[in-house]
Amino acid sequence: MGEKKDYVRGFWAEGTPFIWFSGIAAVVLVLMVVGLVSLILANGMSQFWPASVAKVSLKNGSYLLGSVSDREKTSERDRILLRIANRDVNGLDFKWVESSAITKVEYPESVSVLERDEYGPMYGFINSLAEGESSVASSSPEFQNVLREKLRTVREKTASAKKLQATIDSEKKEVTAVEVRLRRLDEGEKANDPETLLEKAGLEKRRGVLLENLGTKLADEEKELERLKAEVEAPRLDVTLSDGSVAKVKLRKVLAVFNPNAMWFGAKFVHYMGNMASFITDWPRESNTEGGVYPAIFGTVMMVFIMVLICTPLGVLAALYMHEYARQGFLLSAIRLAVNNLAGVPSIVYGIFGLGFFVYMLGGGIDRLFFADKLPEPTYGTGGILWASLTLALLTVPVVVVSTMEGLSAVPRANRDGALALGSSKFQMIWNVVLPNAAPGILTGVILAVSRAAGEVAPLMITGVVKLVSAVPVDAVWPYVHMDRKFMHLGFHIYDVGFQSPNVEAAKPMVYTTAALLLLIVVALNALAILLRNKLRKKYMGSAL
Amino acid sequence: MSRMEQAIDELEGTAVIARNVNFYYGIVQALFGVSLEIKPKQITAFIGPSGCGKSTLLRCFNRMNEVLLGTRLEGDILVHGTDVYREGTRLETLRKRVGMVFQKSNPFPMTIYDNIAFGPRMRGIKDKSTLGEVVERSLKQADLWHEVKDRLNNHAQGLSGGQQQRLCIARTLANEPEIILMDEPASALDPISTSKIEETIQELRNLYTIVIVTHNLQQAARCSDHTAFFYMGRLVEMGATSRIFQNPAQKRTEDYISGKFG
Ligand SMILES: Nc1ncnc2c1ncn2[C@@H]1O[C@H](COP(=O)(O)OP(=O)(O)OP(=O)(O)O)[C@@H](O)[C@H]1O
Ligand SMILES: [Mg+2]
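This report concerns the structure included in the present document. (Residues numbered from 1 in each chain as written. Chains lettered and ligands numbered in written order. Predicted model: local features only at pLDDT ≥ 70, side-chain atom pairs only at ≥ 80, totals over all residues. Heavy atoms only, no water.)

### Side note on the overall build of chain A
Secondary structure summary: chain A contains 15 helices and 13 strands in total. Relative to the compact-globule value of 24 Å for 545 residues, chain A shows a C-alpha radius of gyration of 32 Å, a clear excess of over 25%. Once the C-alpha set of chain A is aligned to its principal axes, its extents read approximately 95 × 95 × 45 Å. The buried share of chain A, taken over its 545 residues, is 42%. (Helix = DSSP H or I, 4+ residues; strand = E, 2+ residues; numbered from the N terminus. Rg over C-alpha atoms; globule rule 2.2 N^0.38 Å. Buried < 20%, exposed > 50% of the residue type's maximum accessible area, 1.4 Å probe, protein only.)

Structure below.
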């Protein structure tokens, strides 16, 4: 009896149940994280795998081509979801098929998948590669080589046509400027003033001279461009679709052709890796539901870097002042509390502040001062990567301040006194002893700030993120870094593709993939900061500790 | 030599003169009218029961008390004739002249070399060879050179407690101070490290003015030339160490030395 009581008392006194509960809490947490991450990864990574395309024969004699993407099997019904692609023909990418209506399912090796720059992929049987009168049948032995060669030349010619177009544009630039000015004058209120007429005459003369100088060169180039365009347009693939019709697909619009059912595992894997790579390096197509997310990656990473460059010095200096210089007292405690609470302000509020203060006030002011000639067209007076980064910096600066202050108070009194006793000034002490000591703490703050910033979407939507851009904020055009440009962001991309796209079912894998990528980027950025922190720790704490 | 000049000479010849020093931590008074003189190039020991104000007085000499808010000093403290509490005194210069070694060793989280070179660097010395000489000289003076000469670029935290304390002494020596204040420099160390520190202090005798606070009466008797005994914020008596220990003038001193309280 007494023994049992002792046992029970020991059980509680040693905190066995407490250990159990804390262990369970930890397990639940880990399961949640692992579950979420693996859901995202599994769904996101599978989208690049070249799925086999089934030929599904139906009772009514027709057949469908498609990859099986889902199956619903209950007591009442049994049906499969086929991705039948050919959006331009079918209108929809997906179709439910009752199992009872199916007579046969085969995987013929001759089914081809055409990846196109529009309307998603096309499933069908290729008959021939045609150009004008001549054509090569898909049954002929050299078909694969001819197709590959042709795809390559079309791509090359498209590129050179683009280049040529750019050359012509830049040559015509001055003429265009003159023409724009002329049109302005015509549309202006003082179109008939003598001064205007005089200017017009001068401009027209200038245009004449310019055009004459360009003269035959321009004409030749334009002719060459026409020829290239015609050559690019000509080759096409004739494809028999499941409904029996023959589609003529311009080779220019085809990105890749492959026969998934004929591919062995290795080939599929190579294809898979290629898809993954182009997802990272390509621009989006088809209102973001296809293609890659390169500009979104670029925008996200660049924004985070700018944000770190702004919020770290700001946060560290503010924390230094508050912790080392300001007189401790009621006011400082109040400010400290306010800073702590800033972290709890909803991010959209920061967004609105950013819009009002940065975009309209600062940006508008900059425009009036430096870009007055372009007004009313705004330069900085509209959302852009600089303003978005500044807004996020504002959002994350409390985190940096708080952890820097913690880092500063963790610096041993003895070290400070030691430095002072050696005759260093307060600034020298802070710079040489306190800051290096607090550096790991500061970096912890930066890590937290990066995590918070990379996942934030709401404030960005009103300060500079858009669903599609034509250029990333860094390019070869002077001044190379365009802080005023709008940019794409992975977080917003997820929202846009998942909820704003016309074709949600088809975009679903894309949502997962983008989420996985965002996750990966946050992890990578954090890993970078952690690496740096560990290095600093080692440097300042010594390997002995 | 006029009497005036003689007086000035005497002032400058005395390492530290405290005159009627009252010290307050906020409203708590820690020192009551302390007056004493520290002889140059000799070792002076401060003894007395815990809380009697030894550290406080020591820290008045290099104004380290001022890192705490709300402290106040009345009276004068002259270091080689200059009033260190006069307005316009540069703390950096004062603390370079009056170095300090703390009870608990406090090497900076840097390499051994950087620790020693810290003071000189703060005063703008950048030349590598000069710094190298300073580091070597200071470490030799602090009796540490042979133990660390091969690992100057290792982290200071990798040293033993006793070595760390000698590193702190070396760091202070690198500043070429006139006076070195030591607040129980060996109290946190084992007997062997303690005797090492004592040896080091003996080697510095006649080169520097040293003021050492200690609870270890044997240590005071062994090491010092002069001893000052404090009690409850007051200086009870001060004199040659041998006299204080063999023939104390005050009853309290005798009681303390004979271990009746403390
Ligand atoms: N930071 C402080 N704030 C308030 N009072 C203090 C402070 N430091 C010391 N005192 C008080 O001043 C008095 C003298 O302290 P001090 O540290 O000089 O004593 P000590 O002789 O060095 O003692 P110990 O031998 O224990 O080091 C003590 O009564 C102590 O309580
Ligand atoms: Mg003390």
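### Structural notes on the overall build of chain B
Within chain B, the secondary structure is distributed over 11 helices and 10 strands. Taking 18 Å as the expected radius of gyration for a compact globule of 262 residues, we find that chain B reaches 19 Å, a close match to that expectation. Projected onto the principal axes, the alpha-carbon positions of chain B cover approximately 50 × 45 × 45 Å. Burial analysis of chain B (262 residues in total) assigns 52% to the buried set. Accessible area of chain B: about 11900 Å², with a carbon and sulfur share of 49%. For chain B, the separation between the mean place of its 32 positive charges and that of its 30 negative charges on side chains is 3 Å. (Areas by Shrake-Rupley, 256 points an atom, 1.4 Å probe, with all protein chains shown as cover. Lys, Arg positive; Asp, Glu negative; His and termini not counted. Charge placed at Lys NZ, Arg CZ, Asp CG, Glu CD.)

### A word on a nonpolar patch on the surface
Residue and element names in this part refer to chain A. A surface patch of nonpolar side chains, about 780 Å² in accessible area, is lined by W20, F21, I24, V28, L29, M32 and V33. By the element assignment, I24 lies in helix 2 (residues 16-45). Taking the relative accessible area as the measure of exposure, I24 reaches 44% and is therefore partly exposed. (Patch = residues over 30% accessible without salt bridge, like charges linked within 9 Å, V, L, I, M, F, W, Y side chains within 5 Å. Salt bridge = Lys/Arg side-chain N within 4 Å of Asp/Glu carboxyl O.)

### Digging into the interface of chain B and chain A
Interfaces are frequently sized by the accessible area removed from exposure as the parts join. Listed by partner, the interface residues are 23 residues for chain B and 23 residues for chain A. Taken together, both faces of the contact between chain B and chain A bury some 1900 Å²; the carbon and sulfur share is 65%. There are 0 salt bridges connecting chain B and chain A. Counting across the chain B and chain A interface gives 3 residue pairs in polar contact (both at pLDDT 80 or more). (Contact = heavy atoms within 4.5 Å. Buried area = accessible area lost by both parts, 1.4 Å probe. Polar contact = N/O pair within 3.5 Å; in protein donor to acceptor, adjacent residues only side chain to side chain.)

### Considerations on the pairing of strand 6 (residues 111-116) of chain A
Residue and element names in this part refer to chain A. Counting buried positions along strand 6 gives 5 out of 6 residues, so the element sits mostly inside the fold. Pairing of strand 6 with strand 7 (residues 122-131), which is carried by 4 bridges, proceeds in the antiparallel orientation. Within strand 7, the position partnered with V113 by the bridge is Y123. Hairpin remark: strand 6 followed by strand 7, antiparallel, with 5 residues in the connecting loop; positive phi at Y119, about 60 degrees. Direction of pairing for strand 6 relative to strand 11 (residues 254-258): antiparallel, over a ladder of 4 bridges. Each bridged residue has a counterpart across the sheet, and for L114 the counterpart in strand 11 is V257. (Pairing = 2+ DSSP bridges.)

### Brief notes about the pairing of strand 7 of chain A
All names here are of chain A. With respect to burial, strand 7 is a largely interior element, 8 of its 10 residues being buried. Across 5 bridges, the pairing between strand 7 and strand 9 (residues 236-240) is antiparallel. Across the sheet, S128 pairs through a bridge with D238, a residue of strand 9. Pairing analysis gives 4 bridges linking strand 7 to strand 8 (residues 134-137), with the strands arranged antiparallel. For A130, the partnering residue across the bridge sits in strand 8 and is S135. In this structure, the hairpin formed by strand 7 and strand 8 is closed by a connection of 2 residues, where G132 is found at a positive phi of approximately 60 degrees.

### Let's talk about the packing of aromatic side chains
All told, the structure shown has 24 aromatic pairs over all chains when counted by the stated rule. Between F353 of chain A and F357 of chain A, the aromatic rings sit 5.4 Å apart at their centres with planes inclined by 15 degrees, giving stacked as the arrangement. With F353 of chain A and F357 of chain A both in helix 9 (residues 347-370) and 4 residues apart, this pair spans about one turn of that helix. For F357 of chain A, a relative accessible area of 31% gives the class partly exposed. Put simply, the rings of F48, W49, F265, F269, Y272 and F279 of chain A pair up and form one aromatic cluster. Just above the ring of F32 of chain B sits the side chain of R234 of chain B; from NZ or CZ to the centre is 4.5 Å. (Phe/Tyr/Trp six-rings, centres within 6.5 Å; stacked < 30°, edge-to-face > 60°. Lys NZ or Arg CZ within 6 Å of the ring centre and 35° of its normal.)

### Quick look at the environment of S195 of chain B
Residues and elements named next belong to chain B. In this structure, S195 sits in helix 8 (residues 191-204). Given a relative accessible area of 34%, S195 falls into the partly exposed group. Each C-alpha atom of the pair S195 and Q219 lies 9.2 Å from the other, and the pair is 24 residues apart in sequence. Side-chain polar atoms of S195 contact the backbone oxygen of I192, separated by 2.8 Å.

### Considering the nonpolar core
Residues and elements named next belong to chain B. L36, F46 and F61 are the most contacted members of the largest nonpolar core, which has 99 residues in total. Residue contacts for F61: discarding those within four places in its chain leaves V16, L36, I38, F46, I77, V79, V84, L94, V98 and L181. The next biggest cluster of nonpolar side chains, apart from the first, holds 37 residues, and it includes V134, V135, I180 and Y208. (Core = buried A, V, L, I, M, F, W, Y, C linked by side-chain atoms within 4.5 Å.)

### Brief notes about the site of ligand 1
Residues and elements named next belong to chain B. Looking at ligand 1, the residues that line it are Y25, A30, S50, G51, C52, G53, K54, S55, T56, L68, E184 and H215. Between ligand 1 and K54 there is a distance of 2.7 Å, counted from an oxygen atom to a side-chain nitrogen or oxygen. Within the side chain of H215, an N or O atom sits 2.6 Å from an oxygen atom of ligand 1. With the chains in place, 61% of the 630 Å² that ligand 1 exposes on its own is no longer accessible. The element best represented in the shell around ligand 1 is helix 2 (residues 54-61), accounting for 3 residues. In terms of residue class, the shell around ligand 1 is built from 4 nonpolar, 6 polar and 2 charged. (Near = heavy atom within 4 Å. Nonpolar A, V, L, I, M, F, W, Y, C, P; charged D, E, K, R; others polar.)

### Section: the sheet that holds strand 5 (residues 82-83) of chain B
Residue and element names in this part refer to chain B. Read from one edge of the open sheet, 4 strands run 2-1-4-5, paired in antiparallel fashion. The open sheet has two free edges, formed respectively by strand 2 (28-38) and strand 5, since each of these has just one partner strand. Across 2 bridges, the pairing between strand 4 (residues 71-79) and strand 5 is antiparallel. Its bridge partner lying in strand 5, L78 is registered against D83. Across the sheet, helix 2 lies against strand 1 (16-25), strand 2 and strand 4, angled at about 65 degrees from strand 2, the strand it touches most. (Axes fitted to C-alpha atoms, helices over the stretch in contact; angles between N-to-C directions.)

### Describing the sheet that holds strand 10 (residues 234-240) of chain B
Residues and elements named next belong to chain B. The 6 strands are arranged 6-7-8-3-9-10 in an open sheet whose pairing can be described as mixed. Of all the strands in the sheet, the pair left with one neighbour each is strand 6 (98-101) and strand 10. In this sheet, neighbouring strand axes are inclined to one another by 15 degrees on average, regardless of whether the strands run parallel or antiparallel.

### Section: the side chain of T253 of chain B
Structurally, the position occupied by T253 of chain B is in helix 11 (residues 251-257). If sequence neighbours within four positions are ignored, T253 of chain B has contacts with F229, V236, E237, I244 and P248 of chain B.

### Remarks on the state of the cysteines
In protein chemistry, a disulfide is the covalent bond that joins the sulfur atoms of two cysteines. Using the criterion set out here, one finds 0 disulfides over all chains in the structure. C168 of chain B forms no disulfide, and the closest cysteine sulfur to it belongs to C223 of chain B, at a distance of 18 Å. (Disulfide = S-S within 2.5 Å.)

### Some words on the packing of helix 10 (residues 385-409) of chain A against helix 12 (residues 426-455) of chain A
All names here are of chain A. The interhelical angle for the contact between helix 10 and helix 12, taken along N-to-C directions, is 150 degrees, at an axis separation of 8 Å. Considering their axes alone, helix 10 and helix 12 lie roughly antiparallel with respect to each other. Crossing of helix 10 against helix 12: the hand is right-handed. On helix 12, the residues touching L392, L395, T396, V399, V400, S403, T404, G407 and L408 of helix 10 are V434, A438, G441, I442, T444, G445, L448, A449, R452 and A453. (Parallel < 35°, antiparallel > 145°, perpendicular 65-115°, else oblique. Left-handed = near helix turned anticlockwise from the far one by under 90°.)

### Structural notes on the packing of helix 4 (residues 143-187) of chain A against helix 5 (residues 194-233) of chain A
The description of two helices packed together rests on the angle between their axes and the distance between the axes. Residues and elements named next belong to chain A. In the contact formed by helix 4 and helix 5, the axes pass within 9 Å of each other and the chain directions differ by 165 degrees. The angle between helix 4 and helix 5 places the two elements in the roughly antiparallel class. The element helix 4 and its partner helix 5 pack so that their crossing is left-handed. Among the residues making up the contact of helix 4 with helix 5, the classes are represented as 16 nonpolar, 5 polar and 18 charged.

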